[in-house]
Amino acid sequence: MAAAAAATKAAAAPAAAPAPAAAAVDPPDGGWGWAVVAASFISVGFAYAFPKSLTVYYKEIQEYFSVSYSQIAWVSSLMLASMATEQHSCQPLRQQTRGHGWRPHRFRRHGARLLWNLHAPPVPVCGSPRRGSFLVLGALVLNCCVAGALMRPVDAAQARAEAQSEQRQRPSRSRRAERVAADAQAAGRRPGAFLDASLFRHRGFLIYLLGNVLMFFGFFAPVVFLAPYAKHLGVDEYSAAFLLSIFALVDMFVRPATGLIANSKWIRPRIQYLFSFAVCYNGACHLLCPLARGYAGLALYAVFFGTAFGMVCALLFEVLMDLVGAQRFSSAVGLVTLIECGPVLLGPPLSGALVDVWGDYKYMYYACGAFMLLPGVFFFIMHYYNYKRADEEQRRGLSAEMRPRQEALQLKPEGI
């Protein structure tokens, strides 16, 4: 009996050993996970703030390089589109960078020199506030490297854990690999496929994608041209820059507040309507912006615009998960981001072209307002249709489940 018990323990020991290794490859949830959250906050915050802060010097850069509004808008649009793609894959970023070769000859001649001088090391600080400010901003963004060092890849730990597991027990398969295969099978795609093409047959995903593609043509341009528009109206440089601070401060507080409201029991079942309202609210702000008079009017616009911008950003991916589910969310985000890079890239230059043609910013704000208001109305109509179809499908599914039970109850007395 003792020998049998010892043999049983010896046989069970290798099977229990891989458990710590499997636990080591799980993403951090709490503890060090909060350090990763803080690092992401710093990295994303500085990365997206840099293209917006450049707009303070658009007027000076435009005069120095003798370029148009549409050409100078490429600076921020290239940064925003590249960062949006880089969040999900380095390969799409390289493809996006190679795709910029189609730009016109005039931008190739002036724009290349403009981008090089903007990103060159700003050594001669004296006599150039722009270069001195870029030096300070570059030093701040460089600290994001420290934040990035806190994000140790889970894949490295996974590789080490799987190697140790294979050494202990060759025939067994790691629990992590089994979970990945199960998730991939549940999502309806093969393991290793990062983008799920079947999403293009998903009704809710197509509604979200079509509306967002149109929306992003007018989403970033009002932020890019806010400070130049204020300078165009005669506002001094520091007051124009303070408008961006007002916008960012309101945006910072609105995002978590919107998240709390969206997760309430009254809003969560119909969260798509809140997102539709946020998009329409954005468009209404831009359409009313040319009516603002004086610096007080621009400051009031910055407050309302910051509120609308924060609402949309807080709900942007939340509503996507509500539509496609958690299992397909990662693939849906990748597809949406890759497709939206086109509007993000082209929106500011096209808006700047309107300023070049008409010589006034109000037509640019009218166009951006229309590009936001139309998708908002589209979202309201299509999400109402989507909710109605989903309720009908749910009722049909429940009736299909209840029908065999009712037939069984009807046949039971006959059997007796």
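Please refer to the structure higher up on the page.
Right, let's walk through the structure included here. (Residues numbered from 1 in each chain as written. Predicted model: local features only at pLDDT ≥ 70, side-chain atom pairs only at ≥ 80, totals over all residues. Heavy atoms only, no water.)

## Structural notes on the packing of helix 17 (residues 294-324) against helix 18 (residues 329-358)
Line of reasoning, step 1. Between helix 17 and helix 18, whose axes approach to 9 Å, the crossing angle comes to 125 degrees. Between helix 17 and helix 18, the angle falls in the class oblique. Of the two possible hands of crossing, helix 17 and helix 18 adopt the one that is right-handed. Across from F317, L320, M321 and V324 in helix 17, the residues of helix 18 making contact are F329, A332, V333 and V336. (Axes fitted to C-alpha atoms, helices over the stretch in contact; angles between N-to-C directions. Helix = DSSP H or I, 4+ residues; strand = E, 2+ residues; numbered from the N terminus. Parallel < 35°, antiparallel > 145°, perpendicular 65-115°, else oblique. Left-handed = near helix turned anticlockwise from the far one by under 90°. Contact = heavy atoms within 4.5 Å.)

## Observations concerning the nonpolar core
Grouped burial of nonpolar side chains is what soluble globular proteins tend to show.
Line of reasoning, step 1. Grouped together as the largest cluster of nonpolar side chains are 81 residues, with contacts concentrated most on F205, F275, V312, L320, Y361, M364 and Y365.
Line of reasoning, step 2. Considering every element that reaches this core, the biggest residue donor is helix 17, with 15 residues.
Line of reasoning, step 3. Look past the residues within four positions of F205 in its chain and what remains in contact with it is L199, F200, L320, V324, A332, L335 and V336. (Core = buried A, V, L, I, M, F, W, Y, C linked by side-chain atoms within 4.5 Å. Buried < 20%, exposed > 50% of the residue type's maximum accessible area, 1.4 Å probe, protein only.)

## Notes on helix 3 (residues 32-53)
Line of reasoning, step 1. Taking 1.5 Å of rise per residue, 22 residues should cover 32 Å, and helix 3 covers 31 Å from first to last C-alpha, within 8% of that figure.
Line of reasoning, step 2. Of all the residues in helix 3, the buried ones are G33, A39, S43, F50, P51 and K52. (Expected span 1.5 Å × (residues − 1).)

## Remarks on the pattern of salt bridges
Line of reasoning, step 1. On inspection of all chains with the given rule, the structure shows five salt bridges.
Line of reasoning, step 2. Put simply, E393 and R203 hold a salt bridge, and the shortest N to O gap is 3.3 Å. Of this pair, E393 sits in helix 19 (residues 362-415) while R203 is found in helix 12 (residues 203-215), placing the two residues 190 residues apart along the sequence.
Line of reasoning, step 3. For R203, a relative accessible area of 26% puts it in the partly exposed group.
Line of reasoning, step 4. Here D391 makes a salt bridge to R270, at a shortest N to O gap of 3.3 Å. One end of the pair, D391, is in helix 19; the other, R270, is in the loop between helix 15 (237-262) and helix 16 (271-288), with 121 residues separating them in the sequence.
Line of reasoning, step 5. Linked through salt bridges whose partners overlap, the residues forming this network are R203, R389 and E393. (Salt bridge = Lys/Arg side-chain N within 4 Å of Asp/Glu carboxyl O.)

## Some points on the packing of aromatic side chains
Line of reasoning, step 1. Taken as a whole, this structure holds 23 aromatic pairs when the rule is applied.
Line of reasoning, step 2. Where F219 meets F309, the ring centres are 4.7 Å apart and the plane angle is 15 degrees; that geometry is what we call stacked. Of the two residues, F219 sits in the loop between helix 12 and helix 13 (221-224) while F309 sits in helix 17, which places them 90 residues apart along the sequence. In this structure, F219 and F309 share a single accessibility class: buried.
Line of reasoning, step 3. Seen in terms of ring centroids, F305 and F309 are 5.9 Å apart; in terms of plane orientation they differ by 80 degrees. Their pairing is edge-to-face. (Phe/Tyr/Trp six-rings, centres within 6.5 Å; stacked < 30°, edge-to-face > 60°.)

## Looking at helix 4 (residues 58-65)
Line of reasoning, step 1. Listing the buried residues of helix 4 in full gives Y58, I61, Q62 and F65. Across the axial projection of helix 4, the buried residues extend over an arc of 100 degrees, all falling on one side. In helix 4, the exposed residues that point more than 90 degrees away from the buried face are E63 and Y64.
Line of reasoning, step 2. Just beyond helix 4, the residue with positive phi is S66, at close to 55 degrees. (Arc of directions from axis to C-beta.)

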